[in-house]
Amino acid sequence: MKKSLMVAVLTMALSMTSSVMAAGDPAAGKAESAMCAACHGVDGNSLSDGFPKLAGQHEGYIVKQLADFKSGARQNAIMAPMVTNLTEQNMADLGAYYASKKTAPGAVSEELVAAGEQIYRGGNKETGLPACMACHGPNGSGVPAANWPKLSAQYSSYVETQLHAFANGERDNDANSMMRDIASKMSEDEIKAVSAYVFGLK
């Protein structure tokens with residue numbers, strides 16, 4: 001039954017992303033990314049864990065997040081004014097540019113490796129928490145066609161913040177409450193462990 005549910009969810013996610021998206025131009029995106037560099041770094045590898053790494057992230061996911069920031073579907077006081085004047089083409093260009101860059105590797109805290117790996121790969125059967133890798137892949141590479149993001153080498157503090165936001169409903173731009181349902185089942189220790197673990201994935 002779980003397999004059937006996952007197939008249904010993936011099919012729905014793919015259908016939702018099948019609409020025509022403007023083809024992104026990495027060269028144009030590089031020029032447009034100048035306004036993003038202060039927070040996200042020149043090549044998308046931010047120097048502060050307060051801002052997510054965009055380098056290597058899937059183009060479609062970046063486009064969706066930018067569109068959600070612009071429409072208000074995703075709230076963020078810093079990003080809202082940054083996206084005001086972005087066109088769909090601008091978003092596609094930025095997505096293509098960052099997708100073409102390599103993510104700088106992270107390092108995981110050794111004491112959290114075992115716990116984080118267990119949750120990421122096996123979930124928690126007692127609480128009904130599914131394995132993170134079911135959607136984000138064994139190595140955290142995500143699923144571009146479904147706009148499920150790459151998590152590998154992403155700052156643990158950023159992942160932790162997003163999981164908390166999903167859990168308390170502060171962030172709600174996930175399809176069919178998928179991440180809200182998952183994050184709400186996670187304990188504080190599980191959130192910290194998984195967030196630390198994905199930072200070390202390559």
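Reading the values: rules and limits
- Residues numbered from 1 in each chain as written.
- Predicted model: local features only at pLDDT ≥ 70, side-chain atom pairs only at ≥ 80, totals over all residues.
- Heavy atoms only, no water.
- Helix = DSSP H or I, 4+ residues; strand = E, 2+ residues; numbered from the N terminus.
- Buried < 20%, exposed > 50% of the residue type's maximum accessible area, 1.4 Å probe, protein only.
- Contact = heavy atoms within 4.5 Å.
- Areas by Shrake-Rupley, 256 points an atom, 1.4 Å probe, with all protein chains shown as cover.
- Axes fitted to C-alpha atoms, helices over the stretch in contact; angles between N-to-C directions.
- Parallel < 35°, antiparallel > 145°, perpendicular 65-115°, else oblique.
- Left-handed = near helix turned anticlockwise from the far one by under 90°.
- Nonpolar A, V, L, I, M, F, W, Y, C, P; charged D, E, K, R; others polar.
- Core = buried A, V, L, I, M, F, W, Y, C linked by side-chain atoms within 4.5 Å.
- Phe/Tyr/Trp six-rings, centres within 6.5 Å; stacked < 30°, edge-to-face > 60°.
- Lys NZ or Arg CZ within 6 Å of the ring centre and 35° of its normal.

**So, the overall build of the chain**
Stage number 1. Each helix and strand counted, the chain has 11 helices and zero strands in total.
Stage number 2. Its helices and strands in sequence order give the chain the pattern α-α-α-α-α-α-α-α-α-α-α, from N to C terminus.
Stage number 3. Taken across its 202 residues, the chain has 43% of its residues classed as buried.
Stage number 4. Contacts in the chain between residues far apart in sequence, at least 24 positions, make up 71% of those at least 6 positions apart.
Stage number 5. In the form shown here, the chain has an accessible surface area of approximately 10600 Å², with 60% of it arising from carbon and sulfur atoms.

**Points about the packing of helix α4 (residues 59-71) against helix α6 (residues 88-99)**
Stage number 1. Packing of α4 against α6 leaves a shortest axis separation of 8 Å and a crossing angle of 140 degrees. Considering their axes alone, α4 and α6 lie oblique with respect to each other. Judged by the twist between their axes, the crossing of α4 over α6 is right-handed. Seen from α4, the contacting residues are Glu59, Ile62, Val63, Leu66, Ala67 and Lys70; seen from α6, they are Met91, Ala92, Leu94, Gly95, Ala96, Tyr98 and Ala99.
Stage number 2. The class makeup of the residues in the contact of α4 with α6 is 10 nonpolar, one polar and two charged.

**Details of the nonpolar core**
Stage number 1. Membership of the largest hydrophobic core comes to 18 residues, with the highest contact counts inside it found for Ile119, Tyr120, Leu163, Met186, Val194 and Val198.
Stage number 2. Ignoring any residue separated from it by four or fewer positions in sequence, one finds leucine 163 in contact with Met179, Ala183, Met186, Ile191 and Ser195.
Stage number 3. Residues Leu66, Met79, Val83 and Met91 belong to the second largest nonpolar core, which totals 13 residues.

**Points about unusual backbone geometry**
Stage number 1. The backbone of asparagine 176 shows a phi angle near 55 degrees, a positive value even though the residue is not glycine.
Stage number 2. Position of asparagine 176 relative to the elements: it lies in the loop between α9 (156-167) and α10 (178-183).

**Quick look at the packing of aromatic side chains**
Stage number 1. One pass over the structure, following the stated rule, counts three aromatic pairs.
Stage number 2. With a centroid separation of 5.2 Å and 55 degrees between ring planes, the pair formed by tyrosine 97 and tyrosine 98 is classed as tilted.
Stage number 3. Where tyrosine 120 meets tyrosine 197, the ring centres are 5.6 Å apart and the plane angle is 50 degrees; that geometry is what we call tilted. Remark: tyrosine 197 occurs in helix α11 (residues 188-199) and tyrosine 120 occurs in helix α7 (residues 110-122); sequence separation between them is 77 residues.
Stage number 4. For the cation-ring pair, lysine 53 lies above tyrosine 155, with the distance from its terminal atom to the ring centre recorded as 4.9 Å.

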